[in-house]
Amino acid sequence: MAEHERMPRRREWPARVRRAWLTTLKHTLNRLTGALARWGHGPFSLIRTTGRKTGRTYETPLILAEVPDGFVAELTYGENVNWYRNLVAAGGGVVVRGRREVPIDAIEPISTEEGLRAFGPPASWVLRLLHRSEFRHLHATYHGGQ
């Protein structure tokens, strides 16, 4: 077998690396940040979604910026991640932070500048340095005057 046949094709390599990275996060960092979000400590929240194929409930830890009518999410890994695809397919979900649960009833793209403004400094400075540009507004259905 020639050496070039043993090397993965360029298009396959990034997908495999990405899958391995997301799996590692799921089983390590996500457990810690999920616990912090559930306790209401730190900058983390959970997004609770229903699986578009399985119907199971999933919770994914994220850093969200709270805005008057909901939250802003930065799509670090793009639109092709399960939490986002599930949220869109269901037309909403729930943001959990500590004991507080906030229903989400709409997901809308927003501009990079709007997204950065929602996070404010110093988080917006870091996001700008990392060239983050995909943000979504998660419109909340607040009850009881929250």
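Residues numbered from 1 in each chain as written. Predicted model: local features only at pLDDT ≥ 70, side-chain atom pairs only at ≥ 80, totals over all residues. Heavy atoms only, no water.

Novice: Explain the pairing of strand β2 (residues 57–67) to me, and be specific about the residues and the numbers.
Specialist: One ladder, built from seven bridges, connects strand β1 (residues 44–50) with β2; its direction is antiparallel. Residue F44 lies in a different strand from β2, and its bridge partner there is I63. The turn joining β1 and β2, which pair antiparallel and follow one another in sequence, is formed by six residues; a positive phi near 80° is taken by G55. In this structure, the hairpin formed by β2 and strand β3 (residues 70–74) is closed by a connection of two residues. (Pairing = 2+ DSSP bridges. Helix = DSSP H or I, 4+ residues; strand = E, 2+ residues; numbered from the N terminus.)

Novice: Could you give me a rundown of the pairing of strand β4 (residues 93–97), with the residues and numbers involved?
Specialist: Sheet topology note: the β1/β4 ladder contains three bridges and is antiparallel. Across the sheet, residue L46 finds its bridge partner in β4, namely V96. Where β4 hands over to strand β5 (residues 100–110), the hairpin turn is made up of two residues, of which G98 adopts a positive phi near 65°.

Novice: Describe the nonpolar core, naming the residues involved and giving the relevant values.
Specialist: Among the nonpolar cores identified, the biggest contains 15 residues, and I47, L64, F71, W83, V95, I104 and L138 are the most heavily contacted of them. Among the elements of the structure, β2, β3, α4 (82–90), β5 and β6 (135–140) are those that each provide at least two residues to this core. Looking at this core element by element, the count peaks at three residues for α4. What W83 contacts, discounting residues up to four positions off in sequence, is I47, T49, T60, L62, A73 and L75. With eight residues, the next largest nonpolar core counts V67, I110, L116 and F135 among its residues. (Core = buried A, V, L, I, M, F, W, Y, C linked by side-chain atoms within 4.5 Å. Buried < 20%, exposed > 50% of the residue type's maximum accessible area, 1.4 Å probe, protein only. Contact = heavy atoms within 4.5 Å.)

Novice: Run through the pattern of salt bridges, naming residues and quoting values.
Specialist: Applying the stated criterion across every chain, the model contains seven salt bridges. Notably, a salt bridge pairs E59 with R48, separated by 2.8 Å at the nearest N-O pair. Of this pair, E59 sits in strand β2 while R48 is found in strand β1, placing the two residues 11 residues apart along the sequence. Owing to a relative accessible area of 31%, E59 belongs among the partly exposed residues under this scheme. E113 serves as the salt-bridge partner of R128, at 3.3 Å between the closest nitrogen and oxygen. Here R128 is found in helix α6 (residues 123–129), whereas its partner E113 is found in helix α5 (residues 112–119), with 15 residues between them in sequence. (Salt bridge = Lys/Arg side-chain N within 4 Å of Asp/Glu carboxyl O.)

Novice: Describe the sheet that holds β4, listing the residues and the values that go with them.
Specialist: Pairing within the closed barrel is antiparallel, and its six strands lie in the order β1-β2-β3-β6-β5-β4. Geometrically, the sheet is characterised by an average inter-axis angle of 45° between neighbouring strands, direction not taken into account. Along the sheet face, α4 touches β1, β2, β3, β4, β5 and β6 and points at about 55° away from the line of β1. In the packing of α5 onto the sheet, the strands contacted are β2, β3, β5 and β6, and the crossing angle to β2 comes to about 85°. (Axes fitted to C-alpha atoms, helices over the stretch in contact; angles between N-to-C directions.)

Novice: Talk me through the packing of aromatic side chains; I want residue IDs and the actual numbers.
Specialist: Counted under the stated rule, the structure contains two aromatic pairs. Summarising the aromatic geometry, the rings of F119 and F135 are spaced 6.1 Å apart at their centres and angled 50° between planes, so their arrangement reads as tilted. Of this pair, F119 sits in helix α5 while F135 sits in strand β6, placing them 16 residues apart in sequence. Assessed through its relative accessible area of 15%, F119 is described here as buried. (Phe/Tyr/Trp six-rings, centres within 6.5 Å; stacked < 30°, edge-to-face > 60°.)

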